Amino acid sequence: METSLAPTSFVLPDLVSHCKFKLSYHPNGDEVAQQSVEWLDTNCPDLNAKQRRALRGLQAGELTAYCYHTASPERLRVVSDFMNYLFHLDNISDGMMTRETDILSDVVMNALWFSDRYLPTKGQTEDELNPGKLARDFWARCIPDCGPGAQARFKETLGFFFEAVNIQARARDEGVIPDLEAYIDVRRDTSGCKPCWALIEYALDIDLPDFVAEHPVIAALNQSTNDLVTWSNDIFSYNVEQSKGDTHNMIVILMAYHGYTLQGAVDYVGDLCQQTIDAFCHNKTKIPSWGPEIDDMVARYVQGLQDWIVGSLHWSFQTHRYFGKDGQDIKKHRIVKLLPLETQNGASPPPSRCSTPIPIPKIVTQWWPEPSLEEYHSPLQKRGNERGNRIVALVDFVLAHLVGVFLGSIFRNFH
């Protein structure tokens, strides 16, 4: 595929075959998906005709039906509305300057924290902006049946999403392509996956106790699922993104800094994706027991993560977002022809393979109990309550597996 000339195509890794999980679809999925897309379409009067076609071709409701296929139809509708809304946020934040992403974040988070009425803060307008109205609409339908733990995790992780989008916007403003480690730190939050994990709890009508949700093995399973969905998306979305000059993609970074050809970068990310699936399967065997009631909730939650892994892979060829209407054919032959650069939109060509590559850092995707939690989690999470939560989780792990070392440290504290 690659010669001394610029490549014209690349071959996708066969992630679908590597993933052995069963694919399921909600029996009311199509009906709810139609209702959900109508909800967003009706409530976004500023969308133009092209954007409305893209909204319907996205099929975010169908993704929801794959990933939350055991939810009640009512809860599926709420989650589907959020999924459509999340892609809408991603679309409108693309190209935003840093200050604009700050405003968007304030408006949306205001709706979550003050769900019953609009209370302008931080110099917001007296009339609520449309992204806030949409957030308030689906959140008001969610919170009556959503446990307090899941609510808190949803709000906290959506806040992380906006922080990461702001970092991405700042890099875009400055024309900077981040290094690989910095990119991964930010990408694990710009994916928007973490709030979706909280909605697994809502969809299943469960509320994991904090000591379970924060346990290192559960955190590792969450991270593996996030990495698979995120990094596979970097592969599937690369063609469209390179045509627009978008550099927020691991493939771009591997070429720009580490000397990879396009096909080599795609293969490298594909290998990482396969490792995350393998790590997920391994970590499932390490889940501790908390008693029958909690164990049942955990099993259903982990099944929800698994549904996300397999559902997102198959949906990526069904949506028109990445491969247009050719997704099912490309799923079979896996050959992607590069789109021309949209120079009329001011896009910059993607960086070519660098002539002086730097060593690639180790990317941690692996197995519990390794890597360490400090390596495994994004630095964006090393703050506030999550810092304290991870300390508690670490203590739980030390108590369970390194009692002697723990007691020794206690002894030293008294001397």
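The structure presented is a predicted model; accordingly, all values stated were derived computationally and were not measured. (Residues numbered from 1 in each chain as written. Predicted model: local features only at pLDDT ≥ 70, side-chain atom pairs only at ≥ 80, totals over all residues. Heavy atoms only, no water.)

**Q** What exactly am I supposed to notice about the pattern of salt bridges here?
**A** Pairing between side chains of opposite charge can happen when their charged atoms approach one another. For the structure shown, the criterion picks out 16 salt bridges. Across the pair Asp41 and Arg52 runs a salt bridge, and its minimum N-O distance is 2.2 Å. A residue pair is termed long-range when its members are at least 10 positions apart, and Asp41 in helix H2 (residues 29–42) and Arg52 in helix H3 (residues 49–58) qualify at eleven residues. In this structure, Arg136 engages Glu128 in a salt bridge whose closest nitrogen and oxygen atoms are separated by 2.8 Å. Note on accessibility: Arg136 and Glu128 belong to one class, buried. When salt bridges with common partners are traced through the structure, they connect Glu38, Asp41, Arg52 and Arg56 into a single cluster. (Salt bridge = Lys/Arg side-chain N within 4 Å of Asp/Glu carboxyl O. Helix = DSSP H or I, 4+ residues; strand = E, 2+ residues; numbered from the N terminus. Buried < 20%, exposed > 50% of the residue type's maximum accessible area, 1.4 Å probe, protein only.)

**Q** Would you mind showing me how to read the packing of aromatic side chains here?
**A** Working definition: an aromatic ring pair is given by the centre-to-centre distance plus the angle between the planes. Within the structure shown, the criterion is met by 17 aromatic pairs. Taking 5.9 Å as the distance between ring centres and 65 degrees as the angle between the ring planes, the aromatic pair formed by Phe21 and Phe280 counts as edge-to-face. With a gap of 259 residues between them, Phe21 in the loop between helix H1 (15–18) and H2 and Phe280 in helix H14 (residues 262–284) connect regions that are remote in the sequence. Across the pair, Phe280 and Phe21 agree in class, each one buried. Centroid distance Tyr85 to Phe138: 5.5 Å. Interplanar angle 55 degrees. Geometry classified as tilted. Remark: Phe138 occurs in helix H7 (residues 130–142) and Tyr85 occurs in helix H5 (residues 73–93); sequence separation between them is 53 residues. We note that Tyr85, like Phe138, is buried. Over the ring of Tyr202 we find Arg75; its NZ or CZ atom is 5.0 Å from the centre of that ring. (Phe/Tyr/Trp six-rings, centres within 6.5 Å; stacked < 30°, edge-to-face > 60°. Lys NZ or Arg CZ within 6 Å of the ring centre and 35° of its normal.)

**Q** Quick question: what am I supposed to make of helix H12 (residues 216–243) here?
**A** The α-helix winds at 3.6 residues per turn, so residues separated by three or four positions along the chain end up facing the same way. Under the 1.5 Å per step criterion, the end-to-end length of H12 is 39 Å for 28 residues, consistent within 8% with the ideal 40 Å. Of all the bends in H12, the greatest measures close to 55 degrees and is centred on Ser237. Buried residues dominate H12, accounting for 28 of its 28 residues. (Expected span 1.5 Å × (residues − 1). Bend = angle between axes of the 7 residues up to and from the residue.)

**Q** For this particular structure, what's the right way to read helix H4 (residues 60–67)?
**A** Burial runs high along H4: eight of the eight residues are buried. Ala60, Gly61, Glu62, Leu63, Thr64, Ala65, Tyr66 and Cys67 are the residues of H4 that are buried. Looking at the buried side of H4, the elements it contacts are H2, H3, H5 and helix H15 (292–318). (Contact = heavy atoms within 4.5 Å.)

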